[in-house]
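Chains, contacts and geometry: an overview
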Amino acid sequence: MEFVLLILVRLIEYYSWALIIYILLSWFPNAKESAIGQFLARICEPYLEPFRKFIPPLGMIDISPIVAILVLRFATSGLVQLFGWFL
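Reading the values: rules and limits
- Residues numbered from 1 in each chain as written.
- Predicted model: local features only at pLDDT ≥ 70, side-chain atom pairs only at ≥ 80, totals over all residues.
- Heavy atoms only, no water.
- Helix = DSSP H or I, 4+ residues; strand = E, 2+ residues; numbered from the N terminus.
- Rg over C-alpha atoms; globule rule 2.2 N^0.38 Å.
- Buried < 20%, exposed > 50% of the residue type's maximum accessible area, 1.4 Å probe, protein only.
- Contact = heavy atoms within 4.5 Å.
- Areas by Shrake-Rupley, 256 points an atom, 1.4 Å probe, with all protein chains shown as cover.
- 1 Å grid on protein atoms, 1.4 Å probe; cavity = no way out; pocket = protein on both sides within 12 Å on 5 of 7 lines; lining within 4 Å.
- Points joined across faces, edges and corners; volume = space filled by probe spheres on them.
- Nonpolar A, V, L, I, M, F, W, Y, C, P; charged D, E, K, R; others polar.

Quick notes on the overall build of the chain
Counting its secondary structure elements, the chain contains three helices and zero strands. In the chain, the succession of helices and strands from N to C terminus is α-α-α. Computed over C-alpha atoms, the radius of gyration of the chain comes to 15 Å, more than 25% over the 12 Å expected from 2.2 N^0.38 for 87 residues, which places it beyond the range of a compact globule. In terms of its C-alpha atoms, the chain occupies a principal-axis envelope of roughly 50 × 30 × 15 Å. Across the 87 residues in the chain, those meeting the buried criterion constitute 26%. Considering only residue pairs separated by 6 or more positions, the chain has 53% of its internal contacts joining residues 24 or more positions apart. Here the chain has roughly 6,400 Å² of accessible surface; of this, 74% comes from carbon and sulfur atoms.

This is the structure:
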C-alpha cells in the first residue's frame, strides 16, 4: 500500500515540475513552439484549462497555474492523509 502512495506522490511531484517548466517557457520567445514546449503543452494544458476558465488574468499575469500547482499540493497532502488512515 505504501508503494502505491509513493508512486502517486512521485507522479504528482513530476507533474508539478512539468507545470513549472511549462510556465517558465512562456518567458522565452518561441520556446512553446519547440518539441519540448509542444509536449509540455499536450500534458499541461488540459489540466490548466479549467483553472483559466474560472480565474481571470490580472493584467498581463496569469495566476491560474499557481492555483493549479497549489491544488496539486493539496491533493498530495490529501492522499498522504487518506493513506495514513488505511495503514
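Observations regarding the layout of surface pockets
Empty space within the largest pocket amounts to approximately 180 Å³. Contributing to the lining of the largest pocket are Tyr22, Ile23, Ser26, Trp27, Lys32, Arg52, Asp62, Pro65 and Ile66. Listed by contribution, the elements that provide at least two residues to the lining of the largest pocket are helix 1 (2-25) and helix 3 (64-86). When the residues that make up the lining of the largest pocket are grouped by side-chain class, the tally is five nonpolar, one polar and three charged.

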